[in-house]
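A closer look at the structure
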Amino acid sequence: MKMIYLKNVATLSFLAEKCLGCGRCAEVCPHGVFSLADKKAWVVEKDLCMECGACSLNCPAKAIEVNAGVGCASAIIKGWITGSEPSCDRDSGECC
Amino acid sequence: MKPLPTRSGCCRAPNNNCCSSDAKDAPLVSTSLSFKDRLGGWKVRWGIGRVNYQVEPGLYAVGKPDGDSPVLVSANYKLTFDTLRKNLVGLDCWLLILDTKGVNVWCAAGKKTFGTSELINRLEAVKLSERVRHRKLILPQLGAPGVSAPEIARRAGFSVIYGPVRASDLKAFISSGYQATKEMRTVSFTLRDRLVLTPVELVQAAKKSLSVFGVLFLLNLFAAKPFDVNDFAVCAGTIFIGAVLTPVLLPFIPGRAFAFKGWLLGLCWATLAVGVLGWFAPGRRLFAAGYLLALPAVAAYLAMNFTGSSTYTSPSGVLKEMKIALPLIVISAIVGSALTIIGHLMG
Ligand code: SF4
Ligand code: SF4
């Protein structure tokens, strides 16, 4: 079952004019947000984006922008208290 | 075979027999896990000695790799390392382990310790370009938030291929000539994934709530009518609801915000508990109202904390959820606790 978080909050923006169609964004996105059609990327489902920043960092054409960060409440609270960037303990034992 | 170099505590020095990363021979890695590895993994799951469970960064050999063997890059978190190697049975390859300070790939990528500069430095430290003829690196896909493939190509001359999300798909990925299915590229959040995470949530929540039980105990010293085992059970149940049941039932609970899901289950639990214990009776109503306010708030807070362990929440979303939920949680927890204590002292 594909779980979707809150609607219309992701800060993802994609500039199709800049896209080279290399497919890197579709390769790195852990939620299948991007897909490739006719040598251009397109955003399949923006609400699936968790703002990890992988697509934007790996796009050779700088066609993608996103406010990357960690979606973790306690990290955000810790960030407020310490005045630092939130960082997380997200742990998927299966990941390599 | 050389024992696996591990390091612990603040001492960065390898304990014994270890080779520094520029040693001529990369340490050979076994693809089977020992009892000690499994025990260590289990302890990590339960939050016992969770920090500093790491292996020495550097280059390792699996099987009998040569100049044409693939190079897999990973983090120096021992659990990650163990998951990786047990999925490499029968393969000949190199493992390039980055220094992520004992943090798994995904988290480390978020912090950029699994990152572009660490990778470039490590490539140079182990002189990888002298060991292999090809110029390809296979990185875990979840490392992509920390590593810029275009920059690695430009600055180090290696082209990055992102492998599957899960180590268990690695062999299929390699044998298919680096083709990943959509499945392999997608992060799941299955019942099993969520179950694996709950022990740590529970231990953390229990640690935090010790103070609550401390307060109850102190109140008991002065109250004519002490809080009893029922109160304890209701509170403990709430922690279980927020830290275990909500995460496990996540996709089946209505709503999208985690705090709301936790609050909803917490409310069901509080209503049930208060009803069964007969606290809706006249004279105990203030007390009951207190519980009905405070308990769901606690469950909501614990559930909201689970956003950090989930695999699909965005920071913008969590921030939005918190801005609405946190004030409500704080107010209803304070008012609820006050009512409960007043109701209790009066009752
Ligand atoms: S990574 Fe950038 S250039 Fe490549 S397909 Fe995606 S948007 Fe286009
Ligand atoms: S930020 Fe992450 S989740 Fe969002 S589209 Fe890019 S790669 Fe996918």
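The structure displayed is predicted, hence computed values, not measured ones.

Looking now at the overall build of chain A. Each helix and strand counted, chain A has three helices and four strands in total. The N-to-C order of helical and strand elements in chain A reads β-α-β-β-α-β-α. For chain A, with 96 residues in total, the buried portion stands at 50%. The long-range fraction of contacts in chain A, counting pairs at least 24 apart against all pairs at least 6 apart in sequence, stands at 48%.

Surveying the vicinity of ligand 1 reveals 14 residues, the closest of which are A:Cys19, A:Leu20, A:Cys22, A:Cys25 and A:Cys59. Residues belonging to the shell around ligand 1 are distributed by class as follows: 11 nonpolar, two polar and one charged.

Next up on the list: the site of ligand 2. Every residue lining ligand 2 is accounted for by A:Leu12, A:Cys29, A:Pro30, A:Val33, A:Phe34, A:Cys49, A:Met50, A:Glu51, A:Cys52, A:Gly53, A:Ala54 and A:Cys55. Its residues placed into classes, the shell around ligand 2 shows 10 nonpolar, one polar and one charged.

Residue and element names in this part refer to chain B. Among the nonpolar cores identified, the biggest contains 52 residues, and Leu96, Phe114, Leu119, Leu128, Leu137 and Leu139 are the most heavily contacted of them. When residues of this core are assigned to their parent elements, the largest contribution, four residues, is made by helix α3 (residues 105-111). What Leu119 contacts, discounting residues up to four positions off in sequence, is Val73, Leu96, Leu98, Leu137, Leu139, Val147 and Ile152. Of all hydrophobic cores here, the second largest spans 23 residues; its members include Phe189, Ala257, Phe258 and Ala325.

Here we come to the confidence of the model for chain B. Mean pLDDT for chain B: 85, with 88% of residues reaching 70 or above. Our summary of model confidence lists the complex with pTM equal to 0.82 and ipTM equal to 0.87.

Moving on: the packing of aromatic side chains. For the structure on display, the rule yields 12 aromatic pairs over all chains. An angle of 75 degrees between the planes, with centres 4.9 Å apart, marks the rings of B:Trp279 and B:Phe287 as edge-to-face. Following the ring pairs from residue to residue traces out a cluster consisting of A:Tyr5, B:Phe189, B:Phe258, B:Phe306 and B:Tyr312. Above the plane of the ring of B:Phe189 lies B:Arg194, whose end atom (NZ or CZ) is 6.0 Å from the centre.

Residue and element names in this part refer to chain B. Put simply, helix α12 (residues 285-305) and helix α13 (residues 315-346) touch, their axes get as near as 7 Å, and they point 145 degrees apart. Here α12 runs over α13; the crossing is left-handed. Residues belonging to the contact of α12 with α13 are distributed by class as follows: 19 nonpolar, seven polar and one charged.

Attention now goes to the interface of chain B and chain A. Each partner contributes residues to the interface: chain B has 63 residues there, and chain A has 47 residues. With both sides pooled, the region where chain B packs onto chain A buries about 4700 Å², and carbon together with sulfur makes up 61% of that total. Broken down residue by residue, the surface that chain B buries against chain A is led by B:Arg256, B:Tyr312 and B:Pro315, which jointly contribute 15%. Our count for the contact surface shared by chain B and chain A stands at one salt bridge. B:Arg185 serves as the salt-bridge partner of A:Glu27, at 4.0 Å between the closest nitrogen and oxygen. Applying the counting rule to chain B against chain A returns 18 residue pairs in polar contact (both at pLDDT 80 or more). The element that contributes the greatest number of residues to the side of chain B that touches chain A is α13(B), accounting for nine residues. Of the residues assigned to the side of chain B that touches chain A, the class counts are 34 nonpolar, 17 polar and 12 charged.

Take the confidence of the model for chain A next. All names here are of chain A. Of the residues in chain A, 86% have a pLDDT of 70 or more, and the chain-wide mean is 85. At the level of individual helices and strands, chain A shows its lowest average pLDDT in helix α3 (residues 73-82), which scores 81, and its highest in helix α2 (residues 54-58), which scores 97. Segment residues 90-96 is flagged for pLDDT under 50; beyond a separation of four residues in sequence, or across chains, it makes 40 contacts in the model.

This part takes up unusual backbone geometry. Phi angles above zero are rare outside glycine, and A:Lys39 is one such case at about 60 degrees. Structurally, A:Lys39 can be placed in the loop between β2 (34-37) and β3 (40-43). With a phi close to 65 degrees, B:Lys112 is a non-glycine residue in the positive phi region. Relative to the elements of secondary structure, B:Lys112 occurs in the loop between α3 and α4 (116-125). Since its relative accessible area comes to 44%, B:Lys112 is described here as partly exposed.

This brings us to the side chain of A:Arg24. Note that A:Arg24 resides in helix α1 (residues 24-28). In this structure A:Arg24 comes out as buried when scored by relative accessible area, which is 16%.

So, about the pattern of salt bridges. Enumeration according to the criterion identifies nine salt bridges over all chains in this entry. The residue A:Glu27 makes a salt bridge to A:Arg24 at a minimum N-O spacing of 3.2 Å. Of the two residues, A:Glu27 and A:Arg24 both sit in helix α1, three residues apart, roughly one turn of that helix. Across the pair, exposure class does not vary: A:Glu27 and A:Arg24 are buried alike. Ionic contacts of the salt-bridge type, sharing partners, join the residues A:Arg24, A:Glu27 and B:Arg185 into one network.

What follows covers the pairing of strand β6 (residues 93-98) of chain B. All names here are of chain B. Where burial is concerned, most of β6 is hidden: six out of the six residues are buried. Neither face of β6 is open: one carries Cys93, Leu95 and Ile97, the other Trp94, Leu96 and Leu98, and all of them are buried. Inspection of the sheet shows strand β5 (residues 71-75) paired to β6 by five bridges, in the parallel sense. The residue of β6 that forms the bridge with Ala75 is Leu98. After leaving β5, the chain enters helix α2 (residues 78-86) and then returns to the sheet as β6, a path that is right-handed.

Cut-offs used in this document
- Residues numbered from 1 in each chain as written.
- Chains lettered and ligands numbered in written order.
- Predicted model: local features only at pLDDT ≥ 70, side-chain atom pairs only at ≥ 80, totals over all residues.
- Heavy atoms only, no water.
- Helix = DSSP H or I, 4+ residues; strand = E, 2+ residues; numbered from the N terminus.
- Buried < 20%, exposed > 50% of the residue type's maximum accessible area, 1.4 Å probe, protein only.
- Contact = heavy atoms within 4.5 Å.
- Near = heavy atom within 4 Å.
- Nonpolar A, V, L, I, M, F, W, Y, C, P; charged D, E, K, R; others polar.
- Core = buried A, V, L, I, M, F, W, Y, C linked by side-chain atoms within 4.5 Å.
- pLDDT = per-residue confidence, 0-100.
- Phe/Tyr/Trp six-rings, centres within 6.5 Å; stacked < 30°, edge-to-face > 60°.
- Lys NZ or Arg CZ within 6 Å of the ring centre and 35° of its normal.
- Axes fitted to C-alpha atoms, helices over the stretch in contact; angles between N-to-C directions.
- Left-handed = near helix turned anticlockwise from the far one by under 90°.
- Buried area = accessible area lost by both parts, 1.4 Å probe.
- Salt bridge = Lys/Arg side-chain N within 4 Å of Asp/Glu carboxyl O.
- Polar contact = N/O pair within 3.5 Å; in protein donor to acceptor, adjacent residues only side chain to side chain.
- Pairing = 2+ DSSP bridges.
- Right-handed = clockwise from strand over helix to strand, strands pointing away.

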